[in-house]
Amino acid sequence: GDGLILPTDNEDCDDGNTLDGDGCSSTCTVEPGYMCNLVQQALPPSITIPFTFRDFIAYPSGVIVPPETAAMQRHPDFQNGCLGAVLENMTNDTLDTEGKPTNSLACALPAAPACVPDVDYTDPAGDSCLDRDNGPGSTACGGMNGCQRSTHPNHPLAGHPNVDPFFYWYRDTPDVNQTLVVPEVLMGAAGVYSFNPGAFFPFDGKGWVMTGDELAGPGTHNFGFTSEVRQWFQFQGGESLTFQGDDDLFVYVNGKLGLAIGSKHGATTRTMVLNADGTAGCAMCTTTSRTLGIVPGNVYEIAIFHAERQAVASNFNLSITGFVKAKSECTSVCGDGVVTPDEECDNGAMNSDTAYNGCTTMCKRGPSCGDGNVDATNEQCDDGVNLSTYGGCAPGCVNGPSCGDGIVQPEHEECDDGVFAAMYGGCAPGCKLGPRCGDQVVQNPPETCDDGNRVNGDGCKANCIKEIVK
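Residues numbered from 1 in each chain as written. Predicted model: local features only at pLDDT ≥ 70, side-chain atom pairs only at ≥ 80, totals over all residues. Heavy atoms only, no water.

Student: Where do I start with the nonpolar core in this structure?
Tutor: It is characteristic of soluble globular proteins that their nonpolar side chains tend to be buried jointly. If you look at the biggest cluster of nonpolar residues, it comprises 33 residues, and the most contacted ones within it are Leu-241, Leu-259, Met-272 and Leu-274. Residue contacts for Met-272: discarding those within four places in its chain leaves Glu-239, Ser-240, Leu-241, Val-251, Val-253, Gly-258, Leu-259, Ala-280, Gly-281 and Ile-302. Counting 20 residues, the second-largest nonpolar core is a separate cluster that includes Phe-56, Phe-78, Ala-260 and Phe-305. (Core = buried A, V, L, I, M, F, W, Y, C linked by side-chain atoms within 4.5 Å. Buried < 20%, exposed > 50% of the residue type's maximum accessible area, 1.4 Å probe, protein only. Contact = heavy atoms within 4.5 Å.)

Structure (structure tokens):
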């Protein structure tokens, strides 16, 4: 029902819905009487993609003291450590078995006692690198090796010992994050679909700030969240994705890393282009080419992982091109002997444009009784209804009883000799009796009188001849 047939799917077709009777069934099998083809769709004016946002506690509320002992815990990777350089190796090159990125440990804070994250810090106004790791005034950990120690794998959350806190960036975990799924609209122009919300705060008025477990950051915004976007596409070569924002961004195609903008940093712009040889190029990246193992014509998933981790600003601008899906288009097959909803009939090889009571080669009903056209070879009449009991067309497209058929229908006719010569004593047109003795009109000859009856003894004989009275 998603409008895509993936190489690993057990689908005969996929027309983008789960309705039966339209050629592609609710279980994505071709229905009898139909043929389905994968057809590229015209570019729509916009596309809607579900975004999954997860909110973390970046500024612990003063009510939670200390937060590491509370049910809802501050995540040490958020609002901890200062801005640093863009990292292209912060995550591993391949997604894990659950389709999530994993921490490469390229910029990890050492374990205690060498370094200790200041998870008790609750003052949003004093955002200083020195106040984050190893306590106020310490320089032991903040700038080590130039990466400012972006992640804290050696300092797990109290409720999740022995687990790298990065593990929860993109996984729903009730005591660590809150999840919000929003169908975001990307507007199209000249084949490019863009999401440009400006200042980006999906959890304002929601999340941990709303529940009172977190303080609002600068501008009363709810900082400290991640975004996850996934979309299937048919790879042709030339597709591109441009991201401008802060902080982290990891883009995977076919489960392999195509673009990485890791660590806490200011707004940064990078463009990834998918090449026909199955590589991802990035002109402004240190790693200018990455192998993805994708083949033109096949369908793959692009997975975009973003994180807003530093309360300075929140920017998220995304533009994609070429990521347009094709879906199955199913049409009925006339001549296969299966009548589909859009066919009037289908007699298979017996379809004929001339056969009476047959089916045409367009799977429309052929000449037949009831089509309103008189087939001279097979029908006496056809008014399209053919239910007349007198004077019209009867069932079977035969003439029903009528004036002139030589049979008197007492309910409708005075006479019917089928001739209507209107001769004396005969039947006139309209199946009415013609001139006759007893009609009170003297027909001379042969009548000499007509008193309207045919009784003797009243002066006019029964044969309409005057009686001679002696």
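Student: How do you make sense of the state of the cysteines when you look at a structure like this?
Tutor: Note on terminology: disulfide describes a covalent bond linking the sulfur atoms of two cysteines. Summed over the entire model, instances satisfying the criterion amount to 11 disulfides. Between the sulfur atoms of Cys-369 and its disulfide partner Cys-397 the distance amounts to 2.1 Å. Taking the sign of the S-S torsion, about 100 degrees here, the bridge from Cys-369 to Cys-397 comes out right-handed. You can see Cys-369 sitting in the loop between strand 14 (326–332) and strand 15 (393–394) and its partner Cys-397 sitting in the loop between strand 15 and strand 16 (398–399), a full 28 residues away along the chain. The exposure class of Cys-369 is partly exposed, given its relative accessible area of 32%. Two residues share a disulfide in this structure: Cys-403 and Cys-431, whose sulfurs sit 2.1 Å from each other. Between Cys-403 and Cys-431 the sulfur-sulfur dihedral comes to about 110 degrees; the bridge is accordingly right-handed. (Disulfide = S-S within 2.5 Å. Helix = DSSP H or I, 4+ residues; strand = E, 2+ residues; numbered from the N terminus.)

Student: So what exactly am I meant to see when it comes to the pattern of salt bridges here?
Tutor: Think of it this way: side chains of opposite charge can pair up when their charged atoms draw near. Within the structure shown, the criterion is met by nine salt bridges. The residue Asp-96 makes a salt bridge to Arg-171 at a minimum N-O spacing of 2.5 Å. In this pair, Asp-96 is assigned in the loop between strand 2 (46–56) and strand 3 (177–189) and Arg-171 in the loop between strand 2 and strand 3, connecting sequence segments 75 residues apart. Note on Arg-171: relative accessible area 10%, which makes it buried. Here Glu-98 and Arg-171 are joined by a salt bridge, their closest N and O atoms 2.8 Å apart. Of this pair, Glu-98 sits in the loop between strand 2 and strand 3 while Arg-171 is found in the loop between strand 2 and strand 3, placing the two residues 73 residues apart along the sequence. (Salt bridge = Lys/Arg side-chain N within 4 Å of Asp/Glu carboxyl O.)

Student: Can you help me understand the environment of Ala-199 in this one?
Tutor: Mapping Ala-199 onto the fold places it in the loop between strand 4 (192–195) and helix 1 (207–211). Each C-alpha atom of the pair Ala-199 and Ser-314 lies 5.7 Å from the other, and the pair is 115 residues apart in sequence.

Student: What is the right way to look at the pairing of strand 7 (residues 248–253) in this model?
Tutor: Here is the key point about a regular strand: its side chains alternate between the two faces of the sheet. Within strand 7, six of the six residues are buried, which leaves the element mostly enclosed by the surrounding structure. Across the two faces of strand 7 the burial is the same, with Asp-248, Phe-250 and Tyr-252 and Leu-249, Val-251 and Val-253 all buried. Direction of pairing for strand 7 relative to strand 8 (residues 256–261): antiparallel, over a ladder of five bridges. If you follow Phe-250 over to strand 8, its bridge partner there is Ala-260. Here strand 7 folds back onto strand 8, and the loop between the two strands holds two residues, one of which, Asn-254, carries a positive phi near 60 degrees. (Pairing = 2+ DSSP bridges.)

Student: Sorry, what's going on with the sheet that holds strand 11 (residues 289–291) here?
Tutor: Adjacent strands of a sheet pair through backbone hydrogen bonds, lying either parallel or antiparallel. If you trace the 12 strands from one edge of the open sheet to the other, you get 8-7-12-5-2-3-4-13-6-9-10-11, paired in antiparallel fashion. Of all strands in the sheet, those with a lone pairing partner are strand 8 and strand 11, marking the two edges. With strand direction ignored, the average angle separating the axes of adjacent strands in the sheet is 20 degrees. Summarising the sheet, strand 6 (residues 240–246) and strand 9 (residues 268–274) pair through six bridges and their orientation is antiparallel. (Axes fitted to C-alpha atoms, helices over the stretch in contact; angles between N-to-C directions.)

Student: Explanation requested: the side chain of His-306 in the structure shown.
Tutor: Take His-306: it is sitting in strand 12 (residues 299–308). For His-306, the contacting residues outside a window of four places in its chain are Tyr-170, Phe-225, Thr-226, Ser-227, Phe-243, Asp-246, Asp-247, Asp-248, Leu-249, Asn-315 and Phe-316.

Student: Looking at this structure, how should I read unusual backbone geometry?
Tutor: Excluding glycine, most residues fall at negative phi; most peptide bonds, likewise, are trans. Omega for the peptide link from Asn-444 to Pro-445 comes to -10 degrees, which places this bond in the cis form. By the secondary structure assignment, Pro-445 is in the segment after strand 18 (432–433). With omega at 5 degrees, the peptide bond leading from Pro-445 into Pro-446 counts as cis. Looking at the secondary structure, you find Pro-446 in the segment after strand 18. Of note in the backbone geometry, Asn-254 takes a positive phi value of approximately 60 degrees without being a glycine. By secondary structure assignment, the location of Asn-254 is in the loop between strand 7 and strand 8. Using a relative accessible area of 29% as the deciding quantity, one classes Asn-254 as partly exposed. Notably, Gln-440 is not glycine yet its phi reads approximately 70 degrees, a positive angle. For Gln-440, the location among the structural elements is in the segment after strand 18.

None of this, on its own, says anything about what the molecule does.
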